[in-house]
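Observations on the three-dimensional arrangement
Chain by chain, the residues run as shown.
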Amino acid sequence: MDIQIKRGLLEVCVLAALSRGDSYGYQIIKDIEPYIAISESTLYPILRRLEEGRCLMVYSVEHKGRLRKYYRITDTGLMRLEGFSAEWQEIMNVYRFITGEADENDKK
């Protein structure tokens, strides 16, 4: 898969996982991996970018004597997730064009 497409999809997948409830890094990976491969070295830069973009917030909770970072989606993150859903129809139109499945109804 093209790296730029995958990067965008991974960001949306992280937001989607967090839209179901607050979570921490390892759990986010477990939630996403059945759908798209993701490693820790890929996840944490995504989480930092999303935090910098105010799409999520971070807080810490003690777990077995150590602090564990938890992530929570923000209203900005929810709006980004909704925006992706709205754009999906356009993506599917492009896919149908590429594969030759497009018809007159798909044109703008």
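Shown above is the structure to which this text applies.
Residues numbered from 1 in each chain as written. Predicted model: local features only at pLDDT ≥ 70, side-chain atom pairs only at ≥ 80, totals over all residues. Heavy atoms only, no water.

**A few points about the pairing of strand 1 (residues 56–63)**
Two elements, strand 1 and strand 2 (residues 66–73), share eight bridges in a ladder whose sense is antiparallel. Among the inter-strand pairings, Met57 is bridged to a residue of strand 2, identified as Arg72. (Pairing = 2+ DSSP bridges. Helix = DSSP H or I, 4+ residues; strand = E, 2+ residues; numbered from the N terminus.)

**Some words on the pattern of salt bridges**
Under the definition given, this model contains four salt bridges. Arg7 is the salt-bridge partner of Glu11, the closest N and O atoms lying 3.8 Å from each other. Here the residue Glu11 and the residue Arg7 both occupy positions in helix 1 (residues 3–19), the gap between them amounting to four residues, near one helical turn. You can call Glu11 buried: its relative accessible area is 8%. With relative accessibility at 36%, the residue Arg7 sits in the partly exposed group. Put simply, Arg49 and Glu11 hold a salt bridge, and the shortest N to O gap is 3.0 Å. Linking Arg49 in helix 3 (residues 40–52) with Glu11 in helix 1, this pair joins segments that are 38 residues apart in sequence. The class of Arg49 is partly exposed, set by a relative accessible area of 30%. In this structure, a network of salt bridges that share partners links the residues Arg7, Glu11, Arg49 and Arg80. (Salt bridge = Lys/Arg side-chain N within 4 Å of Asp/Glu carboxyl O. Buried < 20%, exposed > 50% of the residue type's maximum accessible area, 1.4 Å probe, protein only.)

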